[in-house]
Every structure is written in structure tokens, then in C-alpha cells.
Amino acid sequence: MKNKLLIISAGTLLLFYFNSCNSGTSSDNISISADSSVIAKGKASFNHQCSGCHNFRQGGIGPQLGGLTAEVSVRWIHDFIRNPKQIIESGDERSQKLFAKYKAVMPSFDALKDNEIDEIIAFLNIHKKPDFKMANKYGKEISNPIPDSIALSNMVVGLQMITQIPPSSDSGKLPLARITKLDFQRDNGALFIVDLRGKLYKLQNNKPVVYMDMAQLKPRFINVPGFATGFGSFAFHPEFAKNGLLYTTHAEGPGSGKADFSFADSIKVRLQWVLTEWKTEQPGADVFTGKGRELLRVDMVSNIHGVQEIAFNPTANKSAVDYGLLYIGIGDGGSVENGYPFLAHSREKIWGTIIRIDPMGHNSVNGQYGIPSNNPFAKNQTPNTVSEIYAYGFRNPHRISWSKSGVMLACNIGHSNIEALNIIKAGNDYGWPEREGTFIANPFWDLTKVYPLPGNDSAYNITYPVAQYDHDEGKAISGGYEYGGAEIPQLKGKYFFGDIPSGRLFYVNMADLKQGKQATIKEWRVSINGKPNSLVKICGSERVDLHFGKDQKGELYILTKADGKIYKLISATVKPS
């Protein structure tokens, strides 16, 4: 099911350029400036506004933009950047056809001055459409990777709004609050929610109170461009009540500090992600006070697929080897679609991995954390092996969780075709960018295409997803949790997740998650005050920005970035088939 629905954000600047339709011609490109200073200004604006979704080599979150000005009218591009909704509603054939196809509208850029848009167009104009001349060795592409549709189940789950997070957007534009994670403090069950724009909130009687303000604590903190920047994640140490240790990730600009993991000088650094340990002497306080120390810093090729997940294994008790060890999901940083696939899928590189460290140890290269001796590559004799790696071969290991029985699960956001749920095993290779789900990808050809697995595929030792869906069903998987509560018995034995942009809600039966097979995914619906509803209608936006949370008792929550609201799952009905 191949649907090219794109994630719509401030970065999806030129979503609709692929079809010519009747939106003018490129004959007016003679008016585009070739002045180097104008192009340089356009490059800066593009990097700030657009590069999170677009590049000039491969399609990614949005389409590659090489050759744009040779395909469509400059006036149309200019007007569409200014107000895409108006162009669609005017009856423009091109935009209406593509709106019908993609079912989303990018935000307007009415704050940009005419000369600023002209500068961006001048920068786009120097990039030609890529010409893939390399022979494709994988044969015919698969146009519809997963033919079967996800079936709608007879389960309807009741939601109750718990709280509204204060808006953090400028001028009330969506999303109102970039809330992405809800988690709890182990000793007292207090709930915390992070807004990527910089604040960590603590819920007090279901009212959000700012617990930590990253912009105040870290002067070089950045949260723009919007994709994969900001206050990424947080994790309380299992013994936080005693030791006062809290861990966070956040983004800073290039060159803000000396990177512990970097690449050749010939590759431009666009962003750095930083892991920090914070120490407070008042673990029970409503507002954080204390000091931080930097544990590690990672350079990134682009603004996407950063370090947006950290977590301790909540099922590990004090006698377990996993107790107190911190797992960190590190995306490929956009390295593959920007032409550097060698930075991913390697035991000698940190990008596209899940790493595991002992934050209280000191045997790392920089001496700021420990590398557990039972890490799968800790005793590897190859000099360049990254001993922190626990598993590798991911594009964006966006969320990590554990089942009640202790099985580690991670959701991997795909490129153009497949969204995946994986069982994580120490040392295993999950394939990206040579695989996307249970299909071959070619990082040196065209990443929008996938191909059938070879007959000798077992020789490659790739670990495949235990559940997957293609881009007919959604665009980016939102990792969730196995239900572990007692309030809704109908939810027991199920892992709940969904699709970030569309807000579609899915589940799989935990008993069906078996390595070597793909579990059947089913869709579920929600209701408020007993009335069936959808997240799109509830939050008033076609882009929901769905995320999940879980409390100390195992009850589940839904976060919608569009309106900055948090809902608790409180009931369920299963209608007869």
C-alpha cells in the first residue's frame, strides 16, 4: 500500500511540486537571482525552515527538491509558500489534486517577506534533479509492499481529558505544545511531561507545573527547526528518591561543544545532541534545582532523527544485570538520505543504534560514563567498535519500552514505505539502510523504492520487525506500551501504538509478537463522554501528532501535540462481531 502522505510541518516547504498539473510553467525562472549573496541568504533560510524535511538527493520526510524550479512556475511556488490553504481553496487544479492525495496542508509562511521567499527560490534553483545512473541490482520494485489493509476492530476505548499543557507555539500556530513523552517517577508515581520546546512539566492534581526549563539551564539549547530538535527525552534514575539523579537529552547548534561522536570534517555538522545527568538535593521538590554534568555529545548531519529517547528498564530489580543501565535511542541523523549511508549500519558508528551505558561508571573514552561489561560488543577486539552499542541498524528508534515479562520493544520510524515494531535483542542487526521492514532498500539508488528479499537472505543475519505497516496506513509510527493496568481488563495482553501524524490507533496481541513473523495489526477507536470520536476531530487538526504515555500502575495515556492535551484511557467496550 504505497501512499506518499508526507509529514506536514514548518519544514515541508514545497510538498506539492511533483505533479505538473496546471500550475504554470517554469518559463519564469529567468527571473530567479543568481547573485551569490542572495543564494547564501536563501540557503540559511532553507536550512532553518525546510531542511528538516527536504534535501536535494533523496526523498525523506518530504520530497527531495532538486530540479524544482525546472518543474513548476516560480510564481506558483512563491504564492504557495505564502498561503497554501488559499491556493487550494481557490480551485487550483494542481493543489487540489495533491491535497486529495496527501490529505494535509502545510502551514503558511506569511511571516516571510517577498525577498526572503525569492532568496529561498534562488537557493533551490541551483540544485538539479538527481540522476541515478547506478544500475539497480535488486530488480523490479515492489509498488505495494503490504497489500492487506489494517482491519478496524470492534474495540472502542473511552478517553478522559486529564490536562492541558500551556501553549508554547508562537502566535497560537499548531502544534500548540510539542508534547512527546509522559513518564513517571518510580518511587511516588508522579507524572512528568516534556515539551520539545524546552520545558519539563510535573503534574500536580492534574495541573502542569514547570519542573525544569532547559533554555534556562542550557544557554545553547535550541528547539528550531521544529523537527527532531529541542528537549528530547528524560528518564529518572530508579533510585531518584535517594540519589536525586535525572537524565535528559537536548539539542544544541553545531560547534556548541566538543563532540564525543563525530565524522569527517568534509561532512557539515548541522546539530548536536547532548545527554546530561542532573543532580538535585531535593528529589521531592516541585521545581528542579541542582547541577548538571554532560555525559556525551553527538554530531548530526541534519536536524532529523536525533537522540529522542532515553529509558531505564522498569522491569529490572536491583539484582538484575540491567538495573540502573540507561538505554539511548540514536537516530541516523538523516545521514542516509543526505548521501552518507556509511555513517549508519555499522558497529563502528553510533548513528542508527540503541546504546546502553552505565551513567554512574567511568570507563568510557571520555570518562564520563561506564560501558557495561556485558554489552554485546564490549569485548570486541576490533579497535573501532563502539562498545556502547546494544543493537544497530535503525533509522529512528523513536520509542523504547518493555513488556510486563521484560521483553524489550522499540519502534523504528521508516523512510518511504515501512513503519516497524521490533523485539530488541543484544547485538542484533535491524537492517537499515539496507532493509526497510521486511524489504530490501538501496541507499545508493532511490530510497523511495523497496524490493523483495533475496533467496539467501538468512546469510545476512538481519532481524526483522514483529509487526509492520506501510504508508497506505500511516506515515510515522508512534511507539506505545503493553497495557499493564487493572482498570480496563479488556486491554490486557495488548500492545497499543499508533501513527504520529494521522492519529490512527493500532494494537497487536502480545502473544502474536514472535521473532520471524509479523503480528496482525488492528485499529481501535476512541470515545469521549460515551460518544465515538476520532483524534482528528478531538484536537481539531488533520495532523494529530500522536504520542503515548504510561503511569506507575500501567494505565495508558494519549498525548496530542496539535492541541497540547493529555487523555487517559478509562474504559473499553468490545462490541459483538
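Structure: see above.
Residues numbered from 1 in each chain as written. Predicted model: local features only at pLDDT ≥ 70, side-chain atom pairs only at ≥ 80, totals over all residues. Heavy atoms only, no water.

**A short note on the overall build of the protein chain**
Part 1: Check the secondary structure of the protein chain and you find nine helices and 27 strands.
Part 2: A burial count over the protein chain gives 60% of its 577 residues as buried.
Part 3: Long-range pairs, those at least 24 residues apart, make up 67% of the contacts in the protein chain with a sequence separation of at least 6.
Part 4: On the protein chain, roughly 22,900 Å² of surface is accessible, and the fraction owed to carbon and sulfur atoms is 50%. (Helix = DSSP H or I, 4+ residues; strand = E, 2+ residues; numbered from the N terminus. Buried < 20%, exposed > 50% of the residue type's maximum accessible area, 1.4 Å probe, protein only. Contact = heavy atoms within 4.5 Å. Areas by Shrake-Rupley, 256 points an atom, 1.4 Å probe, with all protein chains shown as cover.)

**Side note on the packing of helix α3 (residues 74-82) against helix α6 (residues 114-125)**
Part 1: Two numbers describe how α3 lies on α6: the axes approach to 10 Å, and their chain directions differ by 125°. Of the possible angle classes, the one that applies to α3 and α6 is oblique. With respect to the hand of their crossing, α3 and α6 are arranged in right-handed fashion. Residues Val74, Ile77, His78, Ile81 and Arg82 of α3 form the contact with α6, whose own contacting residues are Asp114, Ile117, Asp118 and Ile121.
Part 2: For the contact of α3 with α6, the per-class residue count stands at five nonpolar, one polar and three charged. (Axes fitted to C-alpha atoms, helices over the stretch in contact; angles between N-to-C directions. Parallel < 35°, antiparallel > 145°, perpendicular 65-115°, else oblique. Left-handed = near helix turned anticlockwise from the far one by under 90°. Nonpolar A, V, L, I, M, F, W, Y, C, P; charged D, E, K, R; others polar.)

**So, α6**
Quick reminder: α-helices carry 3.6 residues per turn. Residues three or four places apart thus point the same way.
Part 1: Over its twelve residues, α6 runs 16 Å from end to end, which matches the ideal 16 Å to within 8%, given 1.5 Å per residue.
Part 2: Turning to α6, its buried residues number three or more, namely Ile117, Glu119, Ile120, Ile121, Ala122, Phe123 and Leu124. (Expected span 1.5 Å × (residues − 1).)

**Regarding the pattern of salt bridges**
Part 1: Tallied over the entire structure, the rule returns 19 salt bridges.
Part 2: Among the salt bridges present, the one from Glu252 reaches Arg297, with a minimum N-O distance of 2.9 Å. Residue Glu252 is found in strand β7 (residues 245-252), and its partner Arg297 is found in strand β9 (residues 291-300); the two are separated by 45 residues along the sequence.
Part 3: Assessed through its relative accessible area of 4%, Glu252 is described here as buried. (Salt bridge = Lys/Arg side-chain N within 4 Å of Asp/Glu carboxyl O.)

**Quick look at unusual backbone geometry**
Part 1: That bond from Leu174 to Pro175 is cis: its omega, -5°, falls within 30 degrees of zero.
Part 2: Cis peptide bonds are those with omega within 30 degrees of zero, and the linkage from Trp432 to Pro433 qualifies with 10°.
Part 3: Relative to the helices and strands, Pro433 resides in the loop between β16 (418-423) and β17 (435-436).
Part 4: Its identity as a non-glycine residue notwithstanding, Asn205 has a phi of 50°, on the positive side.

**Looking at the nonpolar core**
Part 1: Ranked by size, the top nonpolar core spans 33 residues in total, and within it Leu275, Met300, Leu326, Ile328, Trp351, Ile355 and Ile357 carry the most contacts.
Part 2: Broken down by secondary-structure element, the contributors of at least two residues to this core are β7, β8 (271-279), β9, β10 (309-312), β11 (326-330), β12 (353-357) and β13 (389-392).
Part 3: Looking at this core, the element that brings in the most residues is β9, giving four residues.
Part 4: When near neighbours in sequence (up to four residues on either side) are disregarded, Ile355 contacts Leu296, Leu326, Tyr327, Ile328, Ile330, Ile350, Glu388, Ile389 and Tyr390. (Core = buried A, V, L, I, M, F, W, Y, C linked by side-chain atoms within 4.5 Å.)

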